[in-house]
Amino acid sequence: MKKVTVVIPVFNEEFSIGPLWRKLSNMANVANHYCWRFVFVDDGSSDGSRARLDRLATLEDSVEVICLKRNFGVTQALQAGFDLADGDYVVTIPSNLEYEPGDIPKIVAELAGGADICVGSRITSRKKKSTDQPVAKLVNRTISALSGLSLSDYECMLRGYKLPLVMGLHLPGDLHRYLPAYFFWQGRQIVEVSVHGVPRSAGWKSKRRSVRYSIKAMLDLVLLRFFYRYSVRPFYVFGGLSLLCVLGGASSILTAIFWKSADGISLIETPLPLLSALCFLSAILLFGLGIIAEFLLRIYRAQIGIEFYEADLPIDLQRGD
């Protein structure tokens, strides 16, 4: 039997834990051809969520609870669940009752069929996608264009991963929504399936997504792209900036010399010589920082034993034969 770990981040969801567990338990009873394990991660809740989770863990053998010391955010809560997960697949679902646990076997089936990551795309009971709002459409299209991975719902948290992909994964900030794009850049197979989105009642509504939130989401994606492309070659970044500073300094001093020869303007009458000196000094500093960053990167990777390449090893090598 394939083993599936379901990671559920919880933050101030005291009254949704009971209904959610009943749905998860029913799902596990129906899909009993898998071995299920449920990891609830309390992300520093200030209500009675922790007490309810502890009570649930004492009653159910398949439930484990991780309690973070404070609210670290969804990304870190998921990371804590990934670190405790075992088995073949890991599925993430929030505890806010906006998703139907009955769709989890559909996610797992795609992973068992060969996909590395399966991403849900929410459809409401009115057969209308939750991303039909103009702002949501614009955000998804922009993210798809920047990442190169076209998904209709980057905000959907009902997702499945093959466990080896997320083991030892460390992402800063709120970059959990871009995990599919991150693995897509690594050449992994991504599939998207429709899942049921359940609108929350008036007492459970979360804050509306604002323009500020959308801008932060774009910046997070740019940051992730930067980390992915240049984390193994930081000298390209510092060296490129150093080259730009050299070009800026050379342009400044040449312009000052041209003004001197053509119009007789003295060098001391313009800030160009000072700007040129500043650019050249910045170029030297950036060049040195690039070299230092390269040395630090190599020392770090040698210390933790991580190579600069990723490959799928043959089965006999994976088993150590």
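In what follows, the structure referred to is the one given above.
Residues numbered from 1 in each chain as written. Predicted model: local features only at pLDDT ≥ 70, side-chain atom pairs only at ≥ 80, totals over all residues. Heavy atoms only, no water.

Engineer: Can you walk me through helix 4 (residues 104-112) in this structure?
Structural biologist: Three- or four-residue spacings in an α-helix give side chains the same orientation, since the helix completes a turn every 3.6 residues. Those residues of helix 4 not exposed but buried are I104, P105, I107, V108 and L111. The buried residues of helix 4 all sit within an arc of 155 degrees when viewed along its axis, so they share a single face. Phi turns positive, to about 125 degrees, at G114, one or two residues after helix 4. (Buried < 20%, exposed > 50% of the residue type's maximum accessible area, 1.4 Å probe, protein only. Helix = DSSP H or I, 4+ residues; strand = E, 2+ residues; numbered from the N terminus. Arc of directions from axis to C-beta.)

Engineer: How do you make sense of the pattern of salt bridges when you look at a structure like this?
Structural biologist: A side chain of one charge can pair with a side chain of the opposite charge if their charged atoms are brought near each other. Counted according to the given criterion, the structure contains 9 salt bridges. The partner of E100 in a salt bridge is K23, with the nearest N and O atoms 3.6 Å apart. Residue E100 is located in the loop between strand 4 (89-92) and helix 4, and its partner K23 is located in helix 1 (residues 17-30); the two are separated by 77 residues in the primary sequence. By relative accessible area, which is 30% here, K23 ends up partly exposed. Shared partners join several salt bridges into a network, and the residues in it are K3, R37, E64 and D86. (Salt bridge = Lys/Arg side-chain N within 4 Å of Asp/Glu carboxyl O.)

Engineer: Even after reading the chapter, I still don't get the pairing of strand 2 (residues 34-42), so can you show me in this structure?
Structural biologist: On any regular strand, side chains alternate: one points to one face of the sheet, the next to the other face. Summarising burial for strand 2: 8 of the 9 residues are buried, a large majority. Pairing analysis gives 9 bridges linking strand 1 (residues 2-10) to strand 2, with the strands arranged parallel. Bridging across to strand 2, V7 finds its partner in V39. Here strand 2 runs beside strand 3 (residues 63-67); their pairing, made up of 5 bridges, is parallel. Within strand 3, the position partnered with V39 by the bridge is E64. Tracing the backbone out of strand 2, into helix 2 (residues 49-59) and back to the parallel element strand 3 gives a crossover that is right-handed. (Pairing = 2+ DSSP bridges. Right-handed = clockwise from strand over helix to strand, strands pointing away.)

That is the geometry; function is a separate question.
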